[in-house]
Amino acid sequence: MLSHEPQRSRFLPSYLRRSLSASIIMIAVLLLIAYSVRWIGTAPFLYWDERIQDVVFPDTAAAHYQLLPVAIFITSLGSFRISLLIALGAATLCWVYLRSKAYPFAILSSFTAMWVLNTLIKEVLQRERPSLQHLVEAGGYSFPSGHAMISMGFYGMIFAIWAIERKINNRAFFLPCVLGALLILLIGLSRVYLGVHFPTDIVGGYVAGIIWLVFTVPVIYWRARMKLSSTPRP
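Residues numbered from 1 in each chain as written. Predicted model: local features only at pLDDT ≥ 70, side-chain atom pairs only at ≥ 80, totals over all residues. Heavy atoms only, no water.

(A) Layout of the packing of helix α4 (residues 80-97) against helix α5 (residues 102-125). Running from N to C, α4 and α5 cross one another at 165°; their axes reach a closest spacing of 7 Å. Judged by the inter-axis angle, α4 sits roughly antiparallel to α5. For the pair α4 and α5, the crossing hand works out as left-handed. Taking contact as the criterion, the partners of Phe80, Ser83, Leu84, Ala87, Leu88, Ala90, Ala91, Cys94 and Trp95 in α4 are, on α5, Tyr103, Pro104, Ile107, Leu108, Phe111 and Trp115. (Axes fitted to C-alpha atoms, helices over the stretch in contact; angles between N-to-C directions. Helix = DSSP H or I, 4+ residues; strand = E, 2+ residues; numbered from the N terminus. Parallel < 35°, antiparallel > 145°, perpendicular 65-115°, else oblique. Left-handed = near helix turned anticlockwise from the far one by under 90°. Contact = heavy atoms within 4.5 Å.)

(B) Seen up close, the environment of Leu132. Inspection of the secondary structure puts Leu132 in the loop between α5 and α6 (146-168). Given a relative accessible area of 28%, Leu132 falls into the partly exposed group. Considered as a pair, Leu132 and Gly195 are 63 residues apart in the sequence and their alpha carbons are 5.6 Å apart. (Buried < 20%, exposed > 50% of the residue type's maximum accessible area, 1.4 Å probe, protein only.)

(C) Inspection of the pattern of salt bridges at higher detail. Evaluation of the coordinates by the stated rule reveals one salt bridge. Across the salt bridge formed by Asp201 and Arg127, the nearest N and O atoms sit 2.7 Å from each other. Here the residue Asp201 occupies a position in helix α8 (residues 199-230), and Arg127 occupies one in the loop between α5 and α6, the gap between them amounting to 74 residues. Accessibility expressed as a relative area gives 0% for Asp201, which makes it buried. (Salt bridge = Lys/Arg side-chain N within 4 Å of Asp/Glu carboxyl O.)

Here it is as structure tokens:
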């Protein structure tokens, strides 16, 4: 939580400071996790990765192989092109209909930060992807999952904004929380189902996205409250 409510004109500096803090902590935590795994040994983690993959990854004879088209559609939501279009669309809607500058900035900065930081961390850690047959094309390294990071940090921000709008207007925010959690979970599962990520890659991506949200969403919430309180009421 913020120790004090930032002044309206202080939103951008407050948000940028928290974004920088989130980025530093995110990188530090993921590096700590990765090097701790190397120190402990990868065997225990690979054991659980493989056990989960045995359940989720579809054998060609399994009934849930029929879910392949659904998994491909869900995983496409975490791709760069689709998420970019959604970022631009969501930012435009917030600008036009909600008359907000903070929301579009938060959406676009979350999108940018997740992709840039994910690329940076992957290049440092260089974990190879699973040796399973990849059911979709996937390049680059494996940890942390970019789709998991974008689902938690970017889509999580969009659903958080929806929840904030409902809360400040005294409406229940259960729906955006449930739908957001469901989408995030499905995108992560789709990457394991398609054989392009270990489950631990998904967890790493989720951890990174959660760190981002914990630092940035409170600033957005206080900014929305201040804007509401400064709006003249009839």
